[in-house]
Every structure is written in C-alpha cells, then in structure tokens.
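Listed here are the chains, written in short residue letters.
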Amino acid sequence: QTILRESQHTYDKLNAYHLFVLVLYDGGETAEAYRTLFEVLLQLGESIPKKLSPTETNKMYKTTANMLTGLTEESLLEMKMMDRTSQFRLKFYNSIAVVANMPRSDMVPFFACRMVQLTLDSQTICKYSLIGLVQYAAIGCGHNN
C-alpha cells in the first residue's frame, strides 16, 4: 500500500498493483483481486463491460476469429516487441482472466479475446500475447458456434 501511495512513476505503481493482486489472490480474496485488476485496466484506458451475455460473448469470439484469419507463424515472428504500457495491459488482462475463473468465469472469454485483439491491432507482441492466444484457443475448444 505504501508503494502505491508514494510511487511517482507509473510503471512502479503498475508493478506494485500486480504484486498486490497476487497477494490478494493467494490469500483467497479473489473478488478484491478482480476489482483491483478491473480498476487498473480502466486506468490504462480499457473499456470493460460489467457483464457479457452469451450473444455478446459469441460476437466477440467471432470478431477475434476474423482478426486471426491469415495469421501465420511467420507473421507472428515478424512482429516487433510491444511497448511497455501495452505489455502491462496484457499482463493485467492475463491476471484478470486467471482471477475471473472463480467469481466471474463468464468474463474470461472477453479477457482472452481482448488480449488477442490488442496484440493484432498493434501488430506488436510480448509473452502475454502468446498467453492470450493460448487462452483464446482453449475457449475455442469449448465454443459451440
């Protein structure tokens, strides 16, 4: 909490928030961890719905699938490294997708799709981009449409 209050640099605060969330999650405070991640993503300029209907989830999944059309291993390897702020966005999306499995599993597809979309929109990549692709693929295995 002291680091969050005293820190002047955005990246220090983001690292502190991430550590704080890990402590909350490890302590079983998943709802508070989710809320904190949600708020940090909003501060990073993301727009996250409070709830998604099955129709909205389906639409987002299909939109992301269309974005992935034509993506190849070569095109992934040609992408430049993502800037630090974008990496933090994906890092927080990755964390919220994990935390959401308990209290908000209905939101996991949104988080996975958003990670893929942010990567493809920026045409840059980081390790969290790959995690997002794996999460998206895992959701696709259970996707009915």
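Residues numbered from 1 in each chain as written. Predicted model: local features only at pLDDT ≥ 70, side-chain atom pairs only at ≥ 80, totals over all residues. Heavy atoms only, no water.

**Q** Would you mind showing me how to read the packing of aromatic side chains here?
**A** The relative placement of two aromatic rings is captured by the distance of their centres and the angle of their planes. For the coordinates displayed, the defined rule picks out seven aromatic pairs. Connected via pairs of aromatic rings, a cluster forms that spans Tyr-34, Phe-38, Tyr-93, Phe-110 and Phe-111. (Phe/Tyr/Trp six-rings, centres within 6.5 Å; stacked < 30°, edge-to-face > 60°.)

**Q** I would appreciate a short explanation of the environment of Ile-96 in the present structure.
**A** Position of Ile-96 relative to the elements: it lies in helix α6 (residues 84–100). On the basis of relative accessible area, Ile-96 is assigned to the buried category, the value being 0%. The sequence separation of Ile-96 and Gly-140 amounts to 44 residues, and the corresponding C-alpha distance is 19 Å. When residues no more than four places from it in sequence are discounted, the contact partners of Ile-96 are Tyr-34, Leu-37, Phe-38, Leu-41 and Phe-111. (Helix = DSSP H or I, 4+ residues; strand = E, 2+ residues; numbered from the N terminus. Buried < 20%, exposed > 50% of the residue type's maximum accessible area, 1.4 Å probe, protein only. Contact = heavy atoms within 4.5 Å.)

**Q** Looking at this structure, how should I read the side chain of Glu-46?
**A** Note that Glu-46 resides in the loop between α3 (30–43) and α4 (54–68). Of note is the side chain of Glu-46, whose polar atom sits 3.3 Å from the side chain of Arg-89. For Glu-46, the side chain forms a polar contact with the side chain of Tyr-93, separated by 2.7 Å. Aside from chain neighbours lying at most four places away, what touches Glu-46 is Leu-41, Arg-89, Tyr-93, Arg-114 and Leu-118. (Polar contact = N/O pair within 3.5 Å; in protein donor to acceptor, adjacent residues only side chain to side chain.)

**Q** Looking at this model, I keep getting lost on the environment of Arg-84. Mind explaining?
**A** Relative to the helices and strands, Arg-84 is located in helix α6. Exposure remark for Arg-84: the relative accessible area of 46% places this residue in the partly exposed category. Separated by 55 residues in sequence, Arg-84 and Glu-29 have C-alpha atoms that sit 28 Å apart.

**Q** Would you mind going over helix α2 (residues 10–26) with me for this structure?
**A** Relative to the 24 Å expected for 17 residues at 1.5 Å per residue, α2 spans 24 Å between its end C-alpha atoms, a close match to the ideal helical length. Within the span of α2, buried status applies to Tyr-11, Leu-14, Ala-16, His-18, Val-21 and Leu-24. (Expected span 1.5 Å × (residues − 1).)

**Q** For this particular structure, what's the right way to read the pattern of salt bridges?
**A** Two side chains that carry opposite charge are able to pair once their charged atoms sit near each other. Applying the stated rule across the entire model yields three salt bridges. In this structure, Glu-46 engages Arg-114 in a salt bridge whose closest nitrogen and oxygen atoms are separated by 2.8 Å. Highlighted residues: Glu-46 in the loop between α3 and α4 and Arg-114 in helix α7 (residues 108–122), separated in sequence by 68 residues. Classification of Glu-46 by relative accessible area gives buried; the value is 8%. Judged by its relative accessible area of 19%, Arg-114 is buried. (Salt bridge = Lys/Arg side-chain N within 4 Å of Asp/Glu carboxyl O.)

**Q** I keep staring at the nonpolar core and nothing clicks. Help me out?
**A** Inside soluble globular proteins, nonpolar side chains tend to come together where they are buried. Ranked by size, the top nonpolar core spans 41 residues in total, and within it Tyr-34, Ile-48, Phe-92, Tyr-93, Ile-96, Phe-110 and Phe-111 carry the most contacts. Contributions of two or more residues to this core are made by α2, α3, α4, α6, α7 and α8 (127–142). The greatest single-element share of this core, amounting to nine residues, is contributed by α7. In this view, Ile-48 contacts Phe-38, Leu-41, Leu-42, Tyr-93, Met-107, Phe-110 and Phe-111; residues no more than four positions away in its chain are not counted. (Core = buried A, V, L, I, M, F, W, Y, C linked by side-chain atoms within 4.5 Å.)

**Q** Is there a simple way to explain the packing of α2 against α6 in this structure?
**A** How two helices pack is summed up by the angle between their axes together with the distance between the axes. α6 packs onto α2 with a crossing angle of 10° between their chain directions and a minimal axis gap of 11 Å. The angle between α2 and α6 places the two elements in the roughly parallel class. Of the residues in α6, those in contact with Tyr-11, Leu-14, Asn-15, Tyr-17, His-18 and Tyr-25 of α2 are Arg-84, Thr-85, Phe-88, Lys-91, Phe-92, Ser-95, Val-98 and Val-99. Residue composition of the contact of α2 with α6, by class: eight nonpolar, four polar and two charged. (Axes fitted to C-alpha atoms, helices over the stretch in contact; angles between N-to-C directions. Parallel < 35°, antiparallel > 145°, perpendicular 65-115°, else oblique. Nonpolar A, V, L, I, M, F, W, Y, C, P; charged D, E, K, R; others polar.)

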